[in-house]
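# Geometric and topological summary
Given next are the chains, with one letter for each unit.
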Amino acid sequence: MTHHYCVVGNPIAHSKSPLIHGLFAAHCGIDLEYGRAELPLDGFREAFTRLLQEQYRGCNVTAPFKGEVVPLCRQISDRARLAQAVNTVIRLPDGSLRGDNTDGVGLVTDLSRNLQHRLQDKRILIAGAGGAARGILPSLLESRPAQVVISNRTHARAEQLAAALSAYGPLAARPYTELDSRFDLIINATSASFGSDVPPVPGHCIDGDTVCYDLVYSDEPTAFLRWCESRGAGALHDGLGMLVEQAAESFYLWEGVRPDNSAAIIQQLRNTAP
Ligand code: NDP
C-alpha cells in the first residue's frame with residue numbers, strides 16, 4: 001500500500017522535499033507518495049487538521065507554520081518542545097498527532113558526518129534568534145561545545161532564547177557589537193541572505209580556522225558566505241546538507257528505515273538546475 005506524506009507551508013512551490021523523499025523511498029524500496037500543500041495564513045489550523053485527516057501518515061511543516069503546529073500535536077518530542085517548533089508530524093494509530101523537530105539533528109549530522117567538523121569543545125556563534133536558531137540549539141548543545149553565543153539584531157530576542165535554553169548547555173546572548181574574539185564555527189540563522197544582507201558579525205570573529213555555515217541554501221554562494229570568504233574563513237557551507245539530513249531523520253521517524261543515500265542526494269541537488 002502506498003504511504004502518503006506531504007510538506008505544508010506558504011509559499012511551498014519551491015520545496016525540494018518531494019524530490020528528496022522520493023529519492024529516499026526509491027533507494028529504500030518503499031512505495032511512497034510525497035506532495036506539497038500550500039495552506040492559508042488565515043485559517044491554517046482548520047486547513048491543517050482537515051488535511052491530516054486525509055490519507056496522510058505524516059507531514060513535514062515549514063515556514064511560517066512550525067510554531068502553529070505545536071499545540072495541534074497531542075504528543076511532542078523533547079527537542080520539538082524545546083524548539084517550540086515542529087517540522088515533522090507523525091499520525092499515530094488513533095489518528096492523533098505527534099510532533100517532532102529534526103532541523104537540529106539535520107544540521108549536526110551535516111556538520112559532523114558529511115563535512116567532518118567536530119563540534120565538541122568548539123566556540124560557536126549563532127547569528128539570529130528566530131525559529132531556525134531555536135530549532136537547532138538543542139542539538140548543538142547536545143554536541144558539548146565549549147560555548148554557544150547568540151547574537152541578534154533585536155537583542156532582547158537573543159536574551160530570551162538564551163534564558164529559555166541555558167539550562168541545557170553553555171549558552172549566552174551578546175549584542176553583535178560586543179563580540180570581541182574569534183569563533184570556531186559561525187552559523188547564519190538569520191533570513192538576511194534573502195535580501196542580500198549580511199548580519200553584522202564583526203570581522204575579527206573570523207580567522208583562517210573558522211567554519212562558516214549559512215542555513216540558507218542557493219545555487220550561488222549566499223551574501224553571508226561571500227562575506228566570510230572575503231574575511232579569510234577556513235570553510236564555507238550552505239544549508240543544503242542540513243535540508244537533506246533533516247529530511248532523512250523525518251523519513252526514519254515515519255518509516256523506521258534510515259536512508260543512507262543522503263550524500264549522493266546532496267550531490268545530485270547541487271548538480272541539478274533549480
Ligand atoms: P525567522 O523569521 O523566525 O527569524 C529571522 C531571523 O533573522 C531573526 O533573528 C531576525 O532578526 C534575523 N534577521 C532578518 N533580517 C535580518 C537582517 N537584515 N540583518 C540581521 N538579522 C536579520 O526565520 P527562521 O528562523 O525560521 O529562518 C531563518 C533562516 O533559516 C531562513 O532563511 C530559513 O530559510 C533558514 N532555514 C533553513 C533550514 C534548512 O534546512 N537549511 C531549516 C530551517 C530554516 P530580528 O529578531 O531582529 O527580526
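Above this text you will find the structure in question.
Residues numbered from 1 in each chain as written. Predicted model: local features only at pLDDT ≥ 70, side-chain atom pairs only at ≥ 80, totals over all residues. Heavy atoms only, no water.

### Considering the overall build of the chain
Threshold: Here a strand is any run of E in DSSP of at least two residues, a helix any run of H or I of at least four, and the numbering for each starts at the N terminus. Burial classification: accessible surface area is computed with a 1.4 Å probe over protein chains only, and a residue below 20% of its type maximum counts as buried, one above 50% as exposed, and the rest as partly exposed. Working rule for contacts: check all heavy atoms of both residues, and any pair within 4.5 Å makes them a contact. Working definition of accessibility: Shrake-Rupley area with a 1.4 Å probe, residue cover restricted to the visible protein chains. Charge counting follows a simple rule: Lys and Arg are positive, Asp and Glu are negative, and His as well as the terminal groups are ignored. Here the site of a charge means NZ on Lys, CZ on Arg, CG on Asp, or CD on Glu.
A tally of regular secondary structure across the chain gives nine helices and twelve strands. Taken along its principal axes, the extent of the C-alpha atoms in the chain is 55 × 40 × 35 Å. Burial statistics for the chain: of 274 residues in total, 53% are counted as buried. In the chain, 67% of the contacts between residues at least 6 apart in sequence involve partners at least 24 apart. Summed over all atoms, the accessible surface of the chain reaches about 12,500 Å², with 48% contributed by carbon and sulfur. Averaging the coordinates of the 25 positive side-chain charges in the chain and doing the same for the 30 negative ones gives two points 4 Å apart.

### Quick notes on the side chain of T222
What counts is decided by this rule: Here a polar contact is taken to be a pair of N or O atoms separated by no more than 3.5 Å, where protein atoms must pair a possible hydrogen donor with a possible acceptor and residues adjacent in sequence count only if both atoms sit in side chains.
Tracing the sequence through the fold places T222 in the loop between β11 (211-214) and α7 (223-230). Among the polar contacts made by the side chain of T222, one reaches the side chain of D214 at a distance of 2.7 Å.

### Regarding the packing of helix α1 (residues 17-28) against helix α8 (residues 240-255)
The condition that has to hold: Note on definitions: angles span 0 to 180 degrees between N-to-C directions of axes, and those axes are lines fitted to C-alpha atoms, for helices only across the stretch in contact. Angle categories are assigned with fixed cut-offs, so that under 35 degrees is roughly parallel, over 145 is roughly antiparallel, 65 to 115 is roughly perpendicular, and the rest are oblique. Handedness of a helix crossing follows the sense of rotation of the near helix relative to the far helix, less than a right angle counterclockwise being left-handed and clockwise being right-handed. As a working rule, the residues Ala, Val, Leu, Ile, Met, Phe, Trp, Tyr, Cys and Pro are called nonpolar, Asp, Glu, Lys and Arg charged, and the rest polar, with Gly in that last group.
Contact geometry for α1 and α8: axes closest at 10 Å, N-to-C directions at 55°. Between α1 and α8, the angle is such that the two are oblique. Where α1 crosses over α8, the handedness of that crossing is right-handed. Across from I20, H21, F24, A25 and C28 in α1, the residues of α8 making contact are L243, V244, A247, A248, S250, F251 and W254. Residues belonging to the contact of α1 with α8 are distributed by class as follows: ten nonpolar, two polar and no charged.

### Brief notes about the sheet that holds β11
Under the convention used in this document: Two strands pair if DSSP finds at least two bridges between them.
Pairing is parallel across the open sheet formed by six strands, whose spatial order is β9-β8-β7-β10-β11-β12. Lying at the two open borders of the sheet, with one neighbouring strand each, are β9 (171-173) and β12 (235-237). For this sheet, the mean inter-axis angle between neighbouring strands, taken without regard to orientation, is 15°. Relative to strand β10 (residues 185-188), strand β7 (residues 123-127) is paired through four bridges, and the arrangement is parallel. The residue of β10 that forms the bridge with I126 is I187. Its contacts with the sheet put helix α5 (residues 131-142) on β7, β8 (147-151), β9 and β10, and the angle it makes with β7 is roughly 170°.

### Re the environment of G128
Position of G128 among the secondary structure elements: in the loop between β7 and α5. Not counting the four nearest positions on each side in its chain, G128 is found in contact with A133, I150, S151, N152, Y176, A189 and T190.

### A few points about the pairing of strand β3 (residues 58-61)
Burial of the side chains of β3 extends over both faces: G58 and N60 are buried on one face and C59 and V61 on the other. Judged from the three bridges that link them, β3 and strand β5 (residues 88-91) form a sheet pairing that is antiparallel. Residue pairing for β5: C59 is matched across the bridge by V89.

### Examining the pattern of salt bridges
The test is simple: Any Lys or Arg side-chain nitrogen located within 4 Å of an Asp or Glu carboxyl oxygen qualifies as a salt bridge.
With the rule as written, the count across this model stands at eleven salt bridges. Of the charged contacts in the structure, one is a salt bridge between R79 and D100, with a shortest N-O distance of 2.6 Å. Taken together, the residues span a long stretch of sequence, with R79 in helix α3 (residues 78-83) and D100 in strand β6 (residues 97-100) at a distance of 21 residues. Taking the relative accessible area as the measure of exposure, R79 reaches 23% and is therefore partly exposed.

### With respect to the packing of aromatic side chains
One pair of aromatic rings is described through two measures. These are the centre distance and the angle between the planes. Put simply, the test is: A pair of aromatic rings is counted whenever rings of Phe, Tyr or Trp (Trp by its six-membered ring) have centres within 6.5 Å, and the orientation is called stacked for planes under 30 degrees apart, edge-to-face for over 60 and tilted otherwise. Criterion for a charge above a ring: Lys NZ or Arg CZ within 6 Å of the ring centre, and within 35 degrees of the ring normal.
Applying the stated criterion to the full structure yields five aromatic pairs. Between Y34 and W254, the ring centres sit 6.3 Å apart and the planes meet at 50°, which makes this aromatic pair tilted. Highlighted residues: Y34 in strand β2 (residues 32-38) and W254 in helix α8, separated in sequence by 220 residues. Considered together, Y34 and W254 belong to a single accessibility category, that of buried residues. In this arrangement the basic side chain of R258 is found over the ring face of Y252, its NZ or CZ atom lying 3.9 Å from the centre.

### So, the site of the ligand
What counts, and what does not: When we say a residue is near a molecule or strand, we mean one of its heavy atoms is within 4 Å of it.
Lining the immediate surroundings of the ligand are 22 residues, of which A132, N152, T154, R157 and L215 lie closest. Between the ligand and G130, the relevant distance is 3.5 Å, taken from an oxygen atom to a main-chain nitrogen or oxygen of the residue. Between G239 and the ligand, the recorded distance is 3.1 Å, taken from a backbone N or O atom to a nitrogen atom. Protein coverage of the free-state accessible area of the ligand, which is 930 Å², stands at 78%. Elements represented by at least two residues in the shell around the ligand include exactly α5 and α8. Its residues placed into classes, the shell around the ligand shows ten nonpolar, eight polar and four charged.

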